[in-house]
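Letter by letter, the chains look like this.
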Amino acid sequence: MSDAKMTIKVLPEAVIGRIAAGEAIERPASVVKELIENAIDAGASAVQVEVEAGGARLLRVSDNGAGIRRREIELAFKRHATSKLRSADELQGLRTLGFRGEALASIAAVSRATIVTRHRDEPMGVTLRLRGGAVEHERPAGAPAGTVVTIENLFFNTPARLKFLKSEATEKRHIHWAAARYAMAYPHIAFALKQDGRERFRSSGGGELADVLAKVFGLKEAKCMVAVDAVEARRPGRPRIAVAGYVSLPTLSRASRDRIILFVNGRAIQDPALSHAVTQAYDGLLPAGAFPFAVLLLTMPPDFVDVNVHPTKAEVRFRDAQLVFAAVQRAVREVLLGSADAAPDPWAESAFSDVYVGYQKPPPQWPRSAGDELFDDAGLDEMPEAGAPPSRPRTLPVLRVVGQVGAAYIIAEGPAGLYLVDQNAAHERVLYQKLIDESANGGIEGALLAESQTVLLSPEDSELLAQVGHLFTHLSFEIELFGPNSFVIRRSPMLLGGMQAAEFMPRLLDCLRGSARTPTDAAAALASVAALRRGQILEREKMQSLIAQLERCPEPFASPGGRKTFIHLSREDLAEEFRRR
């Protein structure tokens, strides 16, 4: 490298602005987040977000907050210009979401921006238009009190960043959650989201978090959540920490942690340690690989948390992280254990007391699940007739059912020892093979419903359904749009039996959300939804039927998702265990 290139120079302002924008503005959802935070800080009671083409073409955030004074409008787009901070000491006690003075400048630096605003104390508003951070024109404007910021052609002057954007559907999803998170944190503010001219989300601003949860997650999911309201009392050297919000009962879960949503003093944060505190509170209540829904709002003294950690302000540091961890874990655990609706813990008693052998009836404390009827419809009473030729070669030895343990595992004996079968994973494997066979022989079997079912989905699930509609057709569904986020189901796979659409649709979409979205992924998702769950007591005949079908699956050793279907203990393994001292 030449000496000329090694010379130290101060970067031009335009370059500095783009570098700063790259730190704070990662994608269109980052713009939405920053503008929503500005609206909240301005005291808005209503915020509307409009998006086109996943935000790359157009983003518009409107609010009815205090607005910006005409004489300060250009200053608002200067770097490090803010009304929320005056000295470094104030960083220790921030009570606003914004404070860096970089958001508007960073957004304008990589877009064509237009702002129309009127301060509530002034009779006339102003319009300011910028391109790449440079002012193109400013003029008076008649406008209601508040602010409307329109961002067009985001990243038009940073093509490298534009190339790193994900698909339009992915960017829409991130925008949806940017708006939905703040709707949950501020239920007294009315939020609305329109994407490509269609309303995707709206909250009333009535002040009830439960109402917002029903809009974000869906009514069925919201009904399976319980309120958290706990306060860690102030003690010497320890601040008062309040934990409020909602968490799901063990009957509601999903396959990832992405529905654990956390706020600290009204700020949406990402904190793996606190997410782990939530999941630990479910220890013994959820199976491995299942995660709860949770929306928790933590409140603590501002000087106990450092928000000046990252340009996106999504990460924070606590003065005593262990104290906050314990407060969250304790608050959630106490609610779950205190709820009369909490699912029974199959491991609460001795494992041996939960083994049901032969024809014994299930103990009365275990309720019959709706999935038992589904189990019937899934074909596990269809034992092969004596002398009938096998449909495919046997892949496991003949096994004899001994009993069931923990309402989750089937104990079976074979010539080579003992088998402990995971009834959920085994049923998934059996159903998946059934779907693959049907698909290869004319198509998956479906039937018109006696009565059409209507299901109301969350905006995110509605968007996903539009993307994977071809997979639902492959699965023999017939679905029609009925209204905003509302769908009518007229035909469904036989495998689902009597399940209701409100039960299986969100779960089926959840399974497809992170998959490659191929027909085999769709079959695996349907098998997962239709499979019997842990916690279901099975009659001996049903256990034997499941084992008989697993014995002839081409790949009986794992579920479609890769979970073991059984553990084998040979006679030698058992003998060795009993020889040990």
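Just so it is clear, the structure is predicted and the values come from calculations on it, not from any experiment.

Conventions adopted
Residue positions within a chain follow its written sequence, with the count starting from 1. Reporting of local features is limited, given that this is a predicted model, to residues whose pLDDT is at least 70; pairs of side-chain atoms are given and counted only at 80 or more, and all residues count toward the totals for whole chains, interfaces and linings. The side-chain numbers reported here are obtained from all heavy atoms of the structure, hydrogens and water having been left aside. The numbering of helices and of strands both runs from the N terminus, where a helix is a DSSP run of H or I of at least 4 residues and a strand a run of E of at least 2. Working definition: with a 1.4 Å probe on protein chains only, accessible area under 20% of the residue-type maximum means buried, over 50% means exposed, and in between means partly exposed. Contacts between residues were defined by any pair of non-hydrogen atoms, one from each residue, lying within 4.5 Å. Only the protein chains shown count as cover for residues, with accessible areas throughout obtained via the Shrake-Rupley method and a probe of 1.4 Å. Only the six-membered ring of Trp is used, alongside the rings of Phe and Tyr, when aromatic pairs are assigned; centres must lie within 6.5 Å, and planes under 30 degrees apart are stacked while those over 60 apart are edge-to-face, with the rest tilted. For this analysis, a salt bridge means a side-chain nitrogen from Lys or Arg found within 4 Å of a carboxyl oxygen belonging to Asp or Glu. Pairing between two strands is assigned when DSSP locates at least 2 bridges connecting them. Note on geometry: axes are lines fitted to C-alpha atoms, helical ones only across the stretch in contact, with angles between N-to-C directions running from 0 to 180 degrees. For every residue, the pLDDT score states the predictor's confidence, bounded by 0 at the bottom and 100 at the top. Using protein atoms alone on a 1 Å grid, points that fit a 1.4 Å probe yet trap it form a cavity, whereas open point sets bounded by protein on both sides within 12 Å along at least five of seven lines form a pocket; residues with an atom within 4 Å of a point count as lining. Grid points are joined across faces, edges and corners, and a volume is the space filled by probe spheres set on the points. Polar here means any residue outside two lists: the nonpolar Ala, Val, Leu, Ile, Met, Phe, Trp, Tyr, Cys and Pro, and the charged Asp, Glu, Lys and Arg; Gly therefore counts as polar. We call a set of buried residues a nonpolar core when its members are Ala, Val, Leu, Ile, Met, Phe, Trp, Tyr or Cys and they connect through side-chain atoms within 4.5 Å of each other. Side-chain atoms alone can form a polar contact between residues adjacent in sequence; in general such a contact is a pair of N or O atoms within 3.5 Å, and within protein one must be able to donate a hydrogen while the other accepts it. Each angle receives one of four descriptions, namely roughly parallel if under 35 degrees, roughly antiparallel if over 145, roughly perpendicular if within 65 to 115, and oblique otherwise. Left-handed describes a crossing whose near helix is turned anticlockwise from the far helix by less than a right angle; the clockwise case is right-handed.

A.B. asks: Describe the overall build of the protein chain, with residues and values.
C.D. replies: Check the secondary structure of the protein chain and you find 18 helices and 23 strands. Of all 581 residues assigned to the protein chain, the portion counted as buried reaches 49%. The contacts in the protein chain between residues at least 6 apart in sequence include a share of 71% that link residues at least 24 apart. Of the roughly 28,100 Å² that the protein chain leaves accessible, carbon and sulfur atoms contribute 53%.

A.B. asks: Account for the packing of aromatic side chains, with residues named and values stated.
C.D. replies: Taken as a whole and judged by the stated rule, the model has seven aromatic pairs. When the centroid spacing of 6.2 Å and the interplanar angle of 40° are considered together, the rings of Trp-177 and Phe-217 count as tilted. Separated by 40 residues along the polypeptide, Trp-177 in helix α6 (residues 168-185) and Phe-217 in helix α7 (residues 209-217) bring together distant segments of the chain. One aromatic cluster is present, built from ring pairs that chain together Trp-177, Phe-217 and Phe-293.

A.B. asks: Summarise the pattern of salt bridges; cite the residues concerned and give the values.
C.D. replies: Going through the model one piece at a time under the given rule, you end up with 29 salt bridges. We note a salt bridge from Asp-258 to Arg-254, for which the minimum N-O separation is 2.7 Å. The exposure class assigned to Arg-254 is buried, which follows from its relative accessible area of 7%. Notably, a salt bridge pairs Arg-394 with Glu-551, separated by 2.4 Å at the nearest N-O pair. In this pair, Arg-394 sits in the loop between α11 (371-377) and β17 (400-405) while Glu-551 sits in the loop between α17 (540-550) and β23 (566-569), placing the two residues 157 residues apart along the sequence. On the basis of relative accessible area, Arg-394 is assigned to the partly exposed category, the value being 36%. Members of the salt-bridge network, linked through shared partners, are Arg-254, Asp-258, Arg-259, Glu-460, Asp-461, Asp-510 and Arg-513.

A.B. asks: Describe the environment of His-174, naming the residues involved and giving the relevant values.
C.D. replies: Along the chain, His-174 turns up in helix α6. Take His-174: its relative accessible area is 32%, and that puts it in the partly exposed class. Put simply, His-174 and Ser-30 are 144 residues apart on the chain and 8.8 Å apart in space, counted from C-alpha to C-alpha.

A.B. asks: Please give an account of the sheet that holds strand β21 (residues 478-483) that cites residues and values.
C.D. replies: The three strands are arranged β20-β22-β21 in an open sheet whose pairing can be described as antiparallel. Taken across any chain shown, the strands that pair with only one partner, and hence form the sheet edges, are β20 (446-456) and β21. Averaged over all neighbouring strand pairs, the angle between strand axes comes to 20°, with direction disregarded. Of the strand pairs in this sheet, β21 and strand β22 (residues 486-493) are connected by five bridges, and their pairing is antiparallel. Among the inter-strand pairings, Glu-478 is bridged to a residue of β22, identified as Arg-491.

A.B. asks: Before we move on, can you summarise the confidence of the model for the protein chain with the specific residues and values?
C.D. replies: Looking at the protein chain, the pLDDT average stands at 82 and 82% of residues meet or exceed 70. Ignoring residues within four places in sequence, the model shows residues 340-379, a span with pLDDT below 50, making 67 contacts including any to other chains. Low pLDDT, under 50, characterises residues 382-390; the stretch is placed with three contacts to residues that sit more than four places away or in other chains.

A.B. asks: Which residues make up empty space enclosed by the protein, and what values go with them?
C.D. replies: A complete count under the given rule lists two cavities of 30 Å³ or more for this structure. In this structure, the largest cavity spans a volume of roughly 110 Å³. Forming the walls of the largest cavity are 13 residues, and the residues nearest its centre are Arg-173, Pro-459, Glu-460, Glu-463 and Leu-464. Counting only elements with at least two residues in the lining of the largest cavity, the list comes to α6 and α13 (459-467). Of the residues forming the lining of the largest cavity, the biggest block, five residues, is contributed by α13. Class assignment for the residues of the lining of the largest cavity results in three nonpolar, three polar and seven charged. Of the volumes computed, that of the second largest cavity is approximately 30 Å³. Glu-232, Ala-233, Arg-235, Arg-238, Pro-239, Ile-241 and Leu-323 are the residues that line the second largest cavity. When the residues that make up the lining of the second largest cavity are grouped by side-chain class, the tally is four nonpolar, no polar and three charged.

A.B. asks: Any details on the nonpolar core? Residues and values, ideally.
C.D. replies: Of all hydrophobic cores here, the largest spans 62 residues; its most connected members are Ile-36, Phe-77, Ile-151, Met-184, Phe-191, Phe-217 and Val-295. If one sorts the elements of this core by residue count, α6 sits on top with nine residues.

A.B. asks: Talk me through helix α9 (residues 272-281); I want residue IDs and the actual numbers.
C.D. replies: Residues of α9 that are buried: Leu-274, Ser-275, Ala-277, Val-278, Thr-279 and Ala-281. Against the buried residues of α9 lie β11 (260-264), β12 (267-269), β13 (294-299), β15 (317-318) and α10 (321-338). Backbone nitrogen of Ala-273 and a side-chain oxygen of the N-cap are separated by 3.0 Å at the start of α9; the cap is Asp-271.

A.B. asks: Can you explain the pairing of strand β8 (residues 198-202)? Please cite residues and give values.
C.D. replies: Where strand β7 (residues 190-195) and β8 come together, four bridges link them in antiparallel fashion. Within β8, the position partnered with Leu-193 by the bridge is Phe-201. Once β7 ends, the chain turns through two residues before running back antiparallel as β8, passing Asp-196 with a positive phi of about 55°.

A.B. asks: An account of the packing of α9 against α10 is needed here, citing residue identities and associated values.
C.D. replies: Direction vectors running N to C along α9 and α10 enclose 30°, while the axes themselves pass 8 Å from each other. Taken together, α9 and α10 sit at an angle that is classed as roughly parallel. Crossing hand, α9 versus α10: right-handed. Mapping the contact onto sequence places Ala-273, Leu-274, His-276, Ala-277, Val-278, Gln-280 and Ala-281 in α9 and Val-324, Phe-325, Val-328, Gln-329, Val-332, Arg-333 and Leu-336 in α10. Along the lines of polarity and charge, the residues of the contact of α9 with α10 split into 10 nonpolar, three polar and one charged.

A.B. asks: Can you explain unusual backbone geometry? Please cite residues and give values.
C.D. replies: Even without glycine at this site, Phe-155 takes up a positive phi of about 65°. Its identity is not glycine, yet Ala-407 carries a phi of approximately 50°, on the positive side. Relative to the helices and strands, Ala-407 resides in the loop between β17 and β18 (409-414).

A.B. asks: Any chance you could break down the sheet that holds strand β5 (residues 134-141) for me, citing the residues and the numbers?
C.D. replies: One open sheet holds the eight strands; their spatial order is β5-β4-β3-β6-β2-β1-β7-β8, and the pairing between them is mixed. At either margin of the open sheet sits one strand with a lone partner, and together these are β5 and β8. With direction set aside, neighbouring strand axes in the sheet form an average angle of 10°. As judged from the six bridges shared by strand β3 (residues 112-118) and strand β4 (residues 125-131), these two strands associate in the antiparallel manner. What sits directly across from Ala-113, in β4, is Leu-130.

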